[in-house]
Each structure stands twice: as structure tokens, then as C-alpha cells.
Amino acid sequence: MATPLDISVLQQFGGIFPFLLVLVLVYAILSQSDWFKEKQGMAALIAIIAAIMTLFSRVAIKTINLMAPWFVLFIIFGVLIVLAYMTFGISKEKVIETITGEEYGGAFGMWVLSIMLIIGLGSLFFVINEEKGFRDLAGGNATLGEHPPEKEFGFWQTLFHPKILGMVLVLLVAYFTISKMTSSG
């Protein structure tokens, strides 16, 4: 039965978004680099080749399709934070200057990069686990002895295990302690 919310026809266009995303991002990065400032045609050719190569990898397409909504949510969250500050009477320029200024700019950049890496690597590991499984990456299975394991844990179950979260917390405390101790002033 056809419904107005049936978007199964759009599933056939699932490769267009990753193709366009890789094309635009690679071209934007290359056109701003010093090597390709004068050679825009070469930057466009490399971007097209990279985008076409993306179409041949199911893992790349699934990874981009999985992480794109998370990046959108991350950007929307950032905009909402700026809007929340603006509701208290702080100008947009002052908020952006405070976040990206000398005092907090380095830490802000590191947090953004960390969150982007977590989203990207988490999506990649999830897709690899879904496609092949981590036990098959080394060429065999990771069984102990002759019997296969009773239960396989996915990436997210491992990532959110209390021991892993505790280790991340301890490492974050150590990072901020060392950064505050070594900062001048």
C-alpha cells in the first residue's frame, strides 16, 4: 500500500549524496590549498575521481550515510548554543569571539575535532562490524579454542561498557590536569 511517507523509491538514489558530499568536500579542500590555487581544473579532476571511487565502496557509502545525520545534529546543536547565548543579550560576534578567541580557541578546536573523529570513526567501525565483523579482519575468526564465542558484542556495546567509560573519564581528567599544569599564566 502506497503512503505519502513511503520513501522506498529514494533508496535507489542512496549513492548520490555520498558522491556529491565527497565531490564538494574534496574540491573545497583542494581549491584552498597552496598546491592547487592556480590549478582549479586539476583540483576538480581529483575531486571527481575521489567521488567516483567512493561509489565503488559499499563501506564508504554506508559510513557517509550513517555519519551525515550526526554531523547535522552537531552543527544544529552549535547553532542552538549560540542562539541560547544571544537570548541573554550577548551579541553573536561576542559569543563567536569568546569561543574561538585566544583563551578558548585551542580547546574549542580540539573538542570539535575530537567529536568529529568520534562520529567518523564510530560510524566506520559500526559499518565494518555490520559488513564483515571485526573477527574476520585478520583473515580468520577470533575464537578461543575450537568453539565459536557464545555472544558477539558490537562496537557500541564495547564503547559504552563501564570499564571503557571509566578509562575515558580518567584519561580526560589526566588531560585537563596536565594541560592546566603546563599552561603559562
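Once a new chain begins, its residue numbering starts again from 1 and follows that chain's sequence as written. With the structure being a predicted model, the display of local features is reserved for residues of pLDDT at least 70 and the display and counting of side-chain atom pairs for 80 or more, all residues being used for whole-chain, interface and lining totals. For side-chain calculations, the full set of non-hydrogen atoms in the structure is used, while hydrogens and water are omitted.

**Comments concerning the overall build of the protein chain**
Threshold: Secondary structure elements follow DSSP: runs of H or I no shorter than four residues count as helices, runs of E no shorter than two count as strands, and numbering proceeds from the N terminus. Buried means the residue's accessible area, taken with a 1.4 Å probe over protein chains only, is under 20% of the maximum for its type, while exposed means over 50%, and partly exposed covers the values in between. Any two residues having at least one pair of non-hydrogen atoms within 4.5 Å are treated as being in contact. Using a 1.4 Å probe, accessible areas were evaluated by the Shrake-Rupley method; residue-level cover was limited to the displayed protein chains.
When you go through the protein chain residue by residue, the secondary structure sums to 7 helices and 0 strands. Taken over 185 residues, the protein chain has a buried fraction of 14%. Taking contacts inside the protein chain between residues at least 6 apart in sequence as the whole, the part at least 24 apart equals 60%. Accessible surface, the protein chain: about 14,800 Å² in total, of which carbon and sulfur atoms supply 72%.

**Here we look at the nonpolar core**
The condition that has to hold: In plain words, nonpolar cores are sets of buried Ala, Val, Leu, Ile, Met, Phe, Trp, Tyr and Cys residues tied together by side-chain atoms within 4.5 Å.
By size, the foremost hydrophobic cluster in this structure holds 5 residues: Val 22, Ala 51, Ile 64, Met 67 and Ile 119. Residues contacting Ile 119, with those up to four places away along its chain left out, are Met 67, Trp 70 and Phe 71.

**Some thoughts on the side chain of Ser 123**
For the record, the criterion: Distance and chemistry together define a polar contact, namely a pair of N or O atoms within 3.5 Å, with one atom able to donate a hydrogen and the other to accept it when in protein, and with adjacent residues in sequence counting only for side-chain atoms on both sides.
Turning to its location among the elements, Ser 123 is positioned in helix α5 (residues 105-131). On the basis of relative accessible area, Ser 123 is assigned to the buried category, the value being 4%. One polar contact links the side chain of Ser 123 to the main-chain carbonyl oxygen of Ile 119, over a distance of 2.8 Å. Contacts of Ser 123, omitting those with residues within four sequence positions, involve Thr 63, Leu 66 and Met 67.

**Points about helix α3 (residues 58-87)**
Put simply, the rule reads: One fewer than the residue count of a helix, multiplied by 1.5 Å, yields its expected span. Bend is computed residue by residue as the angle between axes fitted to the seven residues ending at the residue and the seven residues starting at it.
Here α3 spans 44 Å end to end across 30 residues, near enough to the 44 Å set by a 1.5 Å rise per residue. At Met 67, α3 is bent by approximately 25 degrees, the largest bend along its length, and proline Pro 69 sits one to four residues beyond. Every buried residue of α3 is listed here: Ile 61, Thr 63, Ile 64, Met 67, Ala 68 and Val 82. Turning to α3, the residues buried within the fold contact α1 (16-32), α2 (40-55), α4 (92-100) and α5. Of the residues flanking the end of α3, it is Gly 89, one or two places downstream, whose phi is positive at about 95 degrees.

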